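Residue-level listing of the chains:
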Amino acid sequence: MTKQELLKTHFGYDTFREGQEAVIDALLAGKDVLAVMPTGAGKSICYQVPALMMKGITLVISPLIALMEDQTKHLKELNIPAACLNKDVPGKERRQILLDAVEGKYKLLFISPERLISPKFIRIAKKLKISLLVVDEVHCTSLWGYDFRPEYLKIPRFFQMTGSRPVIAGFTATATEYVKNDVIRLLQMNDPFIVNGGYERKNLSLSVKCCKSSAGKFRSIYAFLEKHERQSGIIYCASVDNVMRVYELLKRKKYKVTYYYGELNEEE
């Protein structure tokens, strides 16, 4: 199938969004790609279509278990053979996924950066025909890699240990010029095709309101909520302590409010 036929048959779209086709063409031509595209721009289509057209398997490195599981589930629903490997996958199921991957039963395999450099996976990877290596949230390689997920910095070691070097594609929603150059250097990309779609989304507006005190900040929040009392929304905070503080204050004001952060257990 052509890329347009795959887009329609598997994903239900008649046309590509801005920037998608250029990325796909570059990957199919064997070029490394660094794509900075806003959330909602359809970054996953940019590597999923080439994955279906290339021979062999595409590895997708993702830092979030929930994200890779969601992507895998979605692809399976579209009848695209995919699987994911992370710490939550039971050992027996993990071994079967690896065996199936060697037998060529998957087009996409989602893995955590830690899994990529494990000795067991390296042994299996040497038997795989890896056509494309996708690094999702690629800014982690530069901006957070040293502290947040140091394994991102070891991706070039994967090529050295497996003895093969597939096409590399990095995707993120935001990256400064410094981060882009740092990513290219750390991942050892070869003259990559760069797409800079910016961070702007037509359905969002960004504004800044300066507040001289914490009390002033909350007065601004209350005023904003009063203007949008019939709508729902999200308030982002920089820490769990701030999440709980905002939650308690809004609860006292009789707002229908709850909280969400990474330390909650799965049931919560």
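Residues numbered from 1 in each chain as written. Predicted model: local features only at pLDDT ≥ 70, side-chain atom pairs only at ≥ 80, totals over all residues. Heavy atoms only, no water.

(A) Broad picture of the overall build of the chain. What the chain contains, in helices and strands, is 11 helices and 7 strands. Structurally, the chain occupies a C-alpha span of about 60 × 40 × 35 Å along its principal axes. Burial statistics for the chain: of 268 residues in total, 44% are counted as buried. Sequence-distant contacts, at least 24 apart, represent 71% of the contacts inside the chain between residues at least 6 apart. Carbon and sulfur atoms provide 51% of the accessible area of the chain, an area that totals close to 16,400 Å². In the chain, the 40 positive side-chain charges and the 30 negative ones have mean positions that sit 2 Å from each other. (Helix = DSSP H or I, 4+ residues; strand = E, 2+ residues; numbered from the N terminus. Buried < 20%, exposed > 50% of the residue type's maximum accessible area, 1.4 Å probe, protein only. Contact = heavy atoms within 4.5 Å. Areas by Shrake-Rupley, 256 points an atom, 1.4 Å probe, with all protein chains shown as cover. Lys, Arg positive; Asp, Glu negative; His and termini not counted. Charge placed at Lys NZ, Arg CZ, Asp CG, Glu CD.)

(B) Region of interest: the pattern of salt bridges. Applying the stated criterion to the full structure yields 10 salt bridges. Between Asp32 and Arg165 there is a salt bridge, and its shortest N-O distance comes to 2.7 Å. Residue Asp32 is found in the loop between helix H2 (20–28) and strand E1 (33–36), and its partner Arg165 is found in the loop between helix H8 (155–162) and strand E6 (167–172); the two are separated by 133 residues along the sequence. Classification of Arg165 as partly exposed rests on a relative accessible area of 34%. Asp100 is the partner of Lys105 in a salt bridge, and the nearest nitrogen-oxygen pair spans 3.5 Å. Here Asp100 falls in the buried class, since its relative accessible area comes to 11%. Shared partners join several salt bridges into a network, and the residues in it are Lys3, Glu21 and Asp25. (Salt bridge = Lys/Arg side-chain N within 4 Å of Asp/Glu carboxyl O.)

(C) Spotlight on the nonpolar core. Judged by nonpolar contacts, the single largest core of 36 residues is most densely connected at Leu59, Leu109, Leu116, Phe121, Ile155 and Phe158. With 4 residues, helix H7 (residues 119–125) is the largest single contributor of residues to this core. Residue contacts for Ile155: discarding those within four places in its chain leaves Ile61, Leu116, Leu133, Val135 and Leu187. Ranked by size, the runner-up nonpolar core spans 33 residues in total, among them Cys46, Leu52, Cys84 and Val167. (Core = buried A, V, L, I, M, F, W, Y, C linked by side-chain atoms within 4.5 Å.)

(D) Quick peek at the sheet that holds strand E7 (residues 193–196). Reading across the sheet, the 7 strands line up as E3-E4-E2-E5-E6-E1-E7 and stay open at both edges, with parallel pairing between neighbours. Edge positions in the sheet fall to strand E3 (82–85) and E7, since each of these pairs with one other strand and no more. In this sheet, neighbouring strand axes are inclined to one another by 15° on average, regardless of whether the strands run parallel or antiparallel. Where E1 meets E7, 4 bridges bridge the pair, whose relative direction is parallel. In the strand pairing of E7, Leu34 is matched with Ile194. Sheet strands touched by H8: strand E2 (57–61), strand E5 (130–136) and E6. Its angle to E5, the strand with the most contacts, is close to 165°. (Pairing = 2+ DSSP bridges. Axes fitted to C-alpha atoms, helices over the stretch in contact; angles between N-to-C directions.)

(E) Geometry of the packing of aromatic side chains. Per the stated rule, a full pass over the model turns up 6 aromatic pairs. Each ring, one from Phe121 and one from Phe158, has its centre 6.3 Å from the other, and the planes form 25°; the classification is stacked. Pair noted here: Phe121 is in helix H7 and Phe158 is in helix H8, with a separation of 37 residues, a long-range link. Its relative accessible area of 1% is what places Phe121 among the buried residues. (Phe/Tyr/Trp six-rings, centres within 6.5 Å; stacked < 30°, edge-to-face > 60°.)

(F) Here's a closer look at the state of the cysteines. Per the counting criterion, the structure on display carries 0 disulfides. In this model Cys210 remains outside any disulfide bridge; the closest cysteine sulfur is found in Cys211, 7.5 Å from its own. Cys210 sits in the exposed class, given a relative accessible area of 74%. Unpaired in this structure, Cys237 has its nearest cysteine sulfur neighbour in Cys211, at a distance of 13 Å. (Disulfide = S-S within 2.5 Å.)

(G) Here's a closer look at helix H5 (residues 91–102). Between the first and last C-alpha of H5 there are 17 Å, a value that for 12 residues agrees with the 16 Å anticipated at 1.5 Å per step. Residues of H5 that are buried include every one of Ile97, Leu98, Asp100 and Ala101, and no others. Along the long axis of H5, the arc covered by the buried residues comes to 165°, so they all point the same way. Those residues of H5 that are exposed and angled more than 90 degrees off the buried face are Lys92 and Arg95. On its buried face, H5 is in contact with E2, E3, strand E4 (108–111) and H7. (Expected span 1.5 Å × (residues − 1). Arc of directions from axis to C-beta.)

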